[in-house]
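Okay, here's what each chain looks like letter by letter:
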Amino acid sequence: MQRPPPEDYSLKETNPHIGGRKVTGDKFTTTYDLVEQMLYLYVRVVKAKDLPGKDVTGSCDPYVEVKLGNYKGTTRHFEKKPNPEWNQVFAFSKDRLQASVLEVTVKDKDFVKDDFIGRVLFDLNEVPKRVPPDSPLAPQWYRLEDRKGDKVKGELMLAVWMGTQADEAFPEAWHSDAAAVSGTDALANVRSKVYLSPKLWYLRVNVIEAQDLQPSDKGRFPEVYVKATLGNQVLRTRISQSRTINPMWNEDLMFVAAEPFDEPLILSVEDRVGPNKDESLGRCAIPLQYVDRRLDHKVLNTRWFNLEKHVIVEGEKKKETKFASRIHMRICLEGGYHVLDESTHYSSDLRPTAKQLWKSSIGVLEVGILNATGLMPMKNKDGRGATDAYCVAKYGQKWVRTRTILDSFMPKWNEQYTWEVFDPCTVITIGVFDNCHLHGDKNGGGARDQKIGKVRIRLSTLETDRVYTHSYPLLVLHPTGVKKMGEIHLAVRFTCSSLLNMMHMYSLPLLPKMHYIHPLTVSQLDSLRHQATQIVSMRLSRAEPPLRKEVVEYMLDVGSHMWSMRRSKANFFRIMGVLGGLIAVAKWFDQICHWKNPITTVLIHILYLILVLYPELILPTIFLYLFLIGVWYFRWRPRNPPYMDTRLSHADSAHPDELDEEFDTFPTSRPSEIVRMRYDRLRSIAGRIQTVVGDLATQGERLQSLLSWRDPRATALFVIFCLIAAIVLYVTPFQVVALLAGFYTLRHPRFRHKLPSVPLNFFRRLPARTDCML
């Protein structure tokens, strides 16, 4: 039995005040029922009219200031516009309301001091409450007043109401929680947002042949290859074996392309004229919008493409008008594959690219991101530690980002998101990050959002329609060891629309059928996954506000395939854990054979006798036994979703040098003596693995050599034994043979010899191919 993990790293069940568990009359529970209700005072500033001029010129540069206690939000200002239109929303958290009166002031922007135009006051006790799906509150015109309360010229259109975070205005509102952030760009960085991954395709380029190439040196055999470029991806064919001006390749090149197809595929035919010198014999650019799309393995038609040749005249590149040559290719966008952009162990989506091939959804996943507790300080702010935390959740093509809660080690988000589910054997990943881009790019472009930790939840481990509310430890492996960075509190519900459809999914292959009919090689898949993650991180980092490269790469587990001593050890012990069951059965059987518990051994004899005499009971007995074990284990079924286990990962017992090696860059940046020590250590481990693999191969080769006449005497003995055994087994009833063999195996220790048995001795003496190894 494994010892339970330390309490600090454990998963804790919680009982938050959410509507998902109970049916109430509150409409809030139907829209936002997996999070705690948070109340906000919303102020929508729509527009103003007939504002008086305050400048010397008689013009007006108006803006609105919304003030509640110490919290103050301002709209943008307009130059010389007496009838401005802002349409901005402000949200003040009810937990932080510091006054009973809301003040909405219209001011005139000035160089020295902004002029007061007029204001509208609201008593908070009279503000109406609005809960979706109620209709939005209609804004009204209010006459402006001066500081004494007298009416002045000008009117302001406003709507003021109390609402929850389920309100449509919530995502785009200016928040009192983010009052310290200034500037439109920085404000965009703290808002919640939903992103979509770009639609990814595999692009297959089958380069067949070229015709009528024109190398500059006619007297030599050309060494020609094709170089294909798509964005940052560059692939080359091998050099053609037919060294003529009509070379042939018939080679496939695979790329990852993302919609919208901004960049064309550029092919150039190159001639290797020297060791590091290539000459271009022609090129062509193919826009991907016009490339054929295929959904299955049907062979598409090939096409000839004209190659253009460029010449440099007086330093400028010009296109040659004369005919150069052409290239024969088959190009298609593969819609039948799923483009892998995540680690295969934690895939959140397994659908093919082409929408026509998608199966219907089987259910809905709802996640309420409630809060975090005990977060560590991630940066220094005014001489003290601070954390500005936000969450990112990724499932399928949809990424969501919560708003950033400023300067809090116990942030409360209470945001709920929904995803369609197409396969239960998928994983949702939720990461917590520290926002380092709150003041634009004053820190320089090098600021990176810090990772606080992440949680993965496999949907197939969840019961349907149950609301899981747990506090997950945020565990991160640092060069100094594993560290708990805090806890994140989630509410998760997986609702199944059709149980029959979901059960049917378990009979289907995990990946689309093209992966099995025309499989890609392991190295191809590795390289394509790297390209896909680069494209996704580049596209999402260009969104507004950006989901930055370091965040996307952490969520997609980029670099998880790198060598790590700790991970290798953990995987070895996982294998031993799996084999532990077989070893336990072998030990139990050995105890039966050695009569350690005579009653059990006698019972096994009786059971064995029944099964031999009535062989038709063997399979029913096995399946009945498995059924009973399954029913018996139901009492101890896991009631919590799985979570990060430091003991399983060997993160709590990793040696500091092993961690330093894991966090080293690739290629290495460590001094040569450390690299030499690590290389020697790696060689010793690899030597042990090599020995184990060699031993397994030896046993297999010994089995083969039974009939291969490599050892003529051993094979002769085995062949004679087989002939005698065939005759004996033909003459003797099967039940008698089975009974004798079984009772011989279960014989009492006094009839046993300590030396190995004759068949084992014979097997160990058989030759293997180790003698032929250099």
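Residues numbered from 1 in each chain as written. Predicted model: local features only at pLDDT ≥ 70, side-chain atom pairs only at ≥ 80, totals over all residues. Heavy atoms only, no water.

## Details of the overall build of the chain
Of the regular secondary structure elements, the chain holds 15 helices and 33 strands. Computed over the C-alpha atoms, the radius of gyration of the chain is 36 Å, more than 25% above the 28 Å expected from 2.2 N^0.38 for a compact globule of 774 residues. Within the chain, contacts between residues at least 6 apart in sequence are counted, and of these 70% link residues at least 24 apart. On the chain, the mean spot of the 104 positive side-chain charges and the mean spot of the 87 negative ones are 5 Å from each other. (Helix = DSSP H or I, 4+ residues; strand = E, 2+ residues; numbered from the N terminus. Rg over C-alpha atoms; globule rule 2.2 N^0.38 Å. Contact = heavy atoms within 4.5 Å. Lys, Arg positive; Asp, Glu negative; His and termini not counted. Charge placed at Lys NZ, Arg CZ, Asp CG, Glu CD.)

## Thoughts on the side chain of N435
Topologically, N435 is positioned in the loop between β29 (427-434) and β30 (438-441). Looking at N435, the relative accessible area reads 1%, which means it is buried. At a separation of 3.0 Å, a polar atom in the side chain of N435 contacts the main-chain carbonyl oxygen of N189. For N435, the side chain forms a polar contact with the main-chain nitrogen of H437, separated by 3.0 Å. Leaving out residues up to four positions away in the same chain, N435 has contacts with N189, K379, D388, Y390, R401, T404 and D449. (Buried < 20%, exposed > 50% of the residue type's maximum accessible area, 1.4 Å probe, protein only. Polar contact = N/O pair within 3.5 Å; in protein donor to acceptor, adjacent residues only side chain to side chain.)

## Looking at the environment of T373
With respect to the helices, strands and loops of the structure, T373 is situated in strand β23 (residues 363-373). Note on T373: relative accessible area 27%, which makes it partly exposed. For the pair T373 and V455, spaced 82 residues apart in sequence, the C-alpha to C-alpha distance is 15 Å. Once residues within four sequence positions are removed from consideration, T373 is found in contact with F409, M410, G486 and E487.

## Section: the packing of aromatic side chains
Under the counting rule described, the total for this entry stands at 14 aromatic pairs. Ring geometry for Y202 against Y337: centres 5.8 Å apart, planes inclined by 70 degrees, an arrangement best described as edge-to-face. Placement of Y202 in strand β12 (residues 200-211) and of Y337 in the loop between β22 (325-334) and β23 is noted, with a sequence separation of 135 residues between them. Side by side, Y202 and Y337 carry an identical accessibility label, which is buried. The ring of W358 is capped by R351, whose NZ or CZ atom sits 4.0 Å from the centre of that ring. (Phe/Tyr/Trp six-rings, centres within 6.5 Å; stacked < 30°, edge-to-face > 60°. Lys NZ or Arg CZ within 6 Å of the ring centre and 35° of its normal.)

## Quick notes on the pattern of salt bridges
Within this structure, the stated rule accounts for 41 salt bridges. Between E342 and K394 there is a salt bridge whose closest N-O contact spans 3.4 Å. Here E342 is found in the loop between β22 and β23, whereas its partner K394 is found in strand β26 (residues 389-395), with 52 residues between them in sequence. Accessibility expressed as a relative area gives 3% for K394, which makes it buried. (Salt bridge = Lys/Arg side-chain N within 4 Å of Asp/Glu carboxyl O.)

## Brief notes about the sheet that holds β29
An order of β11-β27-β26-β29-β31 is seen for the 5 strands of this open sheet, with the pairing classed as antiparallel. Two strands lie at the open edges of the sheet, namely β11 (193-196) and β31 (450-458), each paired on one side alone. Each neighbouring strand pair of the sheet contributes to a mean axis angle of 20 degrees, computed without reference to strand direction. In terms of strand pairing, β29 meets β31 through 8 bridges, oriented antiparallel. The partner of G431 across the bridge, within β31, is K454. (Pairing = 2+ DSSP bridges. Axes fitted to C-alpha atoms, helices over the stretch in contact; angles between N-to-C directions.)

## Brief notes about a nonpolar patch on the surface
A cluster of nonpolar side chains, contributed by I599, V602, L603, I606, L609, I610, L613, Y614, L617 and F743, occupies part of the molecular surface with about 890 Å² of accessible area. The element contributing the most residues to the nonpolar patch is helix α8 (residues 598-613), with 7 residues. You can see V602 is positioned in helix α8. Exposure remark for V602: the relative accessible area of 38% places this residue in the partly exposed category. (Patch = residues over 30% accessible without salt bridge, like charges linked within 9 Å, V, L, I, M, F, W, Y side chains within 5 Å. Areas by Shrake-Rupley, 256 points an atom, 1.4 Å probe, with all protein chains shown as cover.)

## Notes on the domain arrangement of the chain
The domain architecture assigned to the chain consists of domain 1 (39-191), domain 2 (200-334), domain 3 (355-556) and domain 4 (565-772). Averaged C-alpha coordinates put domain 1 and domain 4 at centres separated by 74 Å. (Domains from an automatic or database assignment.)

## Focus on the pairing of strand β3 (residues 62-68)
Each regular strand shows side chains that alternate between the opposite faces of the sheet. Of all 7 residues making up β3, 6 are buried, and the element is well covered by its neighbours. In this sheet, strand β6 (residues 101-108) lies alongside β3 in antiparallel orientation, the contact comprising 6 bridges. If you follow Y63 over to β6, its bridge partner there is K107. One ladder, built from 4 bridges, connects β3 with strand β4 (residues 71-74); its direction is antiparallel. Within β4, the position partnered with V66 by the bridge is G73. Connecting the antiparallel pair β3 and β4 is a turn made up of 2 residues, with G69 showing a positive phi of about 65 degrees.

## Considering the state of the cysteines
Inspection of every chain in the model, using the stated rule, returns 0 disulfides. C391 carries a free sulfur, and the closest cysteine sulfur to it, the one in C436, is 15 Å from it. Take C391: its relative accessible area is 0%, and that puts it in the buried class. (Disulfide = S-S within 2.5 Å.)

## Considerations on the nonpolar core
Counting 64 residues, the largest nonpolar core has W399 and I488 as the members making the most contacts within it. Mapping this core onto the domain boundaries places at least three of its residues in each of domain 2 (200-334) and domain 3 (355-556). The residues touching I488, leaving out its near neighbours within four places in the chain, are I369, N371, A372, C391, I430, V432, V455, H470, S471, Y472 and L474. (Core = buried A, V, L, I, M, F, W, Y, C linked by side-chain atoms within 4.5 Å.)

## Section: the environment of P128
Within the element layout of this structure, P128 appears in the loop between β7 (115-123) and β8 (140-145). Since its relative accessible area comes to 38%, P128 is described here as partly exposed. Sequence-wise, P128 and V45 are 83 residues apart; in three dimensions their C-alpha atoms are separated by 16 Å.

## Some remarks on helix α13 (residues 712-731)
The end-to-end C-alpha distance of α13 is 29 Å, a good match for the 28 Å that 20 residues give at a rise of 1.5 Å each. Residues A714, T715 and F718 constitute the buried set of α13. Down the axis of α13, the buried set is contained in an arc of 90 degrees. They therefore lie on one face. Opposite the packed face of α13, turned more than 90 degrees from it, sit the exposed residues R713, L717, L723 and V731. If you follow the buried residues of α13, they end up packed against α12 (672-705) and α15 (758-765). (Expected span 1.5 Å × (residues − 1). Arc of directions from axis to C-beta.)

## Some details on unusual backbone geometry
With omega at -10 degrees, the peptide bond leading from E259 into P260 counts as cis. In the segment running from E544 into P545, the intervening peptide bond is cis, with an omega of -10 degrees. With respect to the helices and strands, the residue P545 is situated in the loop between α5 (522-541) and α6 (549-555). A positive phi angle is found at N250, which is not glycine, with a value near 50 degrees. Inspection of the secondary structure puts N250 in strand β15 (residues 248-258). A relative accessible area of 55% places N250 in the exposed class. Despite not being glycine, D465 has its phi angle at roughly 65 degrees, a positive value. By the secondary structure assignment, D465 is in the loop between β31 and β32 (467-478).

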